[in-house]
Amino acid sequence: MAQILRALQRVDNQVHRSVRERFGDKRSVDVSKALSWTGEHAAGWLALGVAGAIVDSERRGSWLRATAAVAGAHAASMAVKRVVRRPRPNGPGMEPLVKTAGKHSFPSSHATSSAAAVVAFAPLLPAATIAPVAGAVCFSRLVVGVHYMSDVVGGAALGAAVAAAGRSWITKGHQADV
């Protein structure tokens, strides 16, 4: 197992450096900082859910349940971070470009809430409207240097799983939501 973890760390370091080299220009970093800010504590996704509930009164209950699923996924990622306690990337050429709310890296909470939003809001919005933004938020965490690729992949898997587990609850009573 230790050998597998060392190999994963080598790949993570290589991807981290490669992303920094290819996307370290000012425009990419500025966009990534904005996406990271929007994704902090799932704020952008929670705002989307609340806005959906306000605008789409016929499916208000589903919007609120989907928003709760995103919040639940975010909370799950925070709990996992406290158990795993993986340090964030650091070292020569790996310095973070933004401040973070915490010092632990795995899983990426931004990726968790973004993937959860794609799954949770899918019954309410076309995935093509959310998935590209969610993917950009996930990638932004690599560009700003606060996560390894495995943190982002792990977070996305956690978020999708949590939202998928709540899918029948999210969509229950579409008719009753009126």
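See the structure above.
Values in this document were obtained by computation on a predicted structure and should not be read as measured data. (Residues numbered from 1 in each chain as written. Predicted model: local features only at pLDDT ≥ 70, side-chain atom pairs only at ≥ 80, totals over all residues. Heavy atoms only, no water.)

## Side note on the side chain of Thr67
You can see Thr67 is positioned in helix α4 (residues 60-84). Setting aside residues no more than four positions away along its own chain, Thr67 makes contact with Leu46, Gly49, Val50 and Phe121. (Helix = DSSP H or I, 4+ residues; strand = E, 2+ residues; numbered from the N terminus. Contact = heavy atoms within 4.5 Å.)

## Structural notes on the layout of surface pockets
Unoccupied space between atoms shows up once a probe the size of one water molecule is rolled over them. Space inside the largest pocket adds up to approximately 240 Å³. Lining the largest pocket are 16 residues, and of these Met78, Lys81, Arg88, Ala101 and Gly102 lie nearest its centre. Among the elements of the structure, α4 and α5 (109-121) are those that each provide at least two residues to the lining of the largest pocket. With four residues, the single largest contributor to the lining of the largest pocket is α4. (1 Å grid on protein atoms, 1.4 Å probe; cavity = no way out; pocket = protein on both sides within 12 Å on 5 of 7 lines; lining within 4 Å. Points joined across faces, edges and corners; volume = space filled by probe spheres on them.)

## A short note on the pattern of salt bridges
Per the stated rule, a full pass over the model turns up four salt bridges. The closest approach of N and O atoms between Asp56 and Arg59, which form a salt bridge, is 2.6 Å. Each of Asp12, Arg86 and Asp151 takes part in salt bridges that share partners, so that together they form one network. (Salt bridge = Lys/Arg side-chain N within 4 Å of Asp/Glu carboxyl O.)

## Looking at the packing of aromatic side chains
As enumerated under the stated definition, the model contains two aromatic pairs in all. Between Phe23 and Phe139 the ring centres are 5.0 Å apart and the planes differ by 85°, which places this aromatic pair in the edge-to-face class. Taken together, the residues span a long stretch of sequence, with Phe23 in the loop between α1 (2-22) and α2 (26-39) and Phe139 in helix α6 (residues 127-143) at a distance of 116 residues. The class of Phe23 is partly exposed, set by a relative accessible area of 33%. The class of Phe139 is partly exposed, set by a relative accessible area of 31%. Taking 5.5 Å as the distance between ring centres and 40° as the angle between the ring planes, the aromatic pair formed by Trp63 and Phe121 counts as tilted. You can see Trp63 sitting in helix α4 and its partner Phe121 sitting in helix α5, a full 58 residues away along the chain. Exposure remark for Phe121: the relative accessible area of 0% places this residue in the buried category. (Phe/Tyr/Trp six-rings, centres within 6.5 Å; stacked < 30°, edge-to-face > 60°. Buried < 20%, exposed > 50% of the residue type's maximum accessible area, 1.4 Å probe, protein only.)

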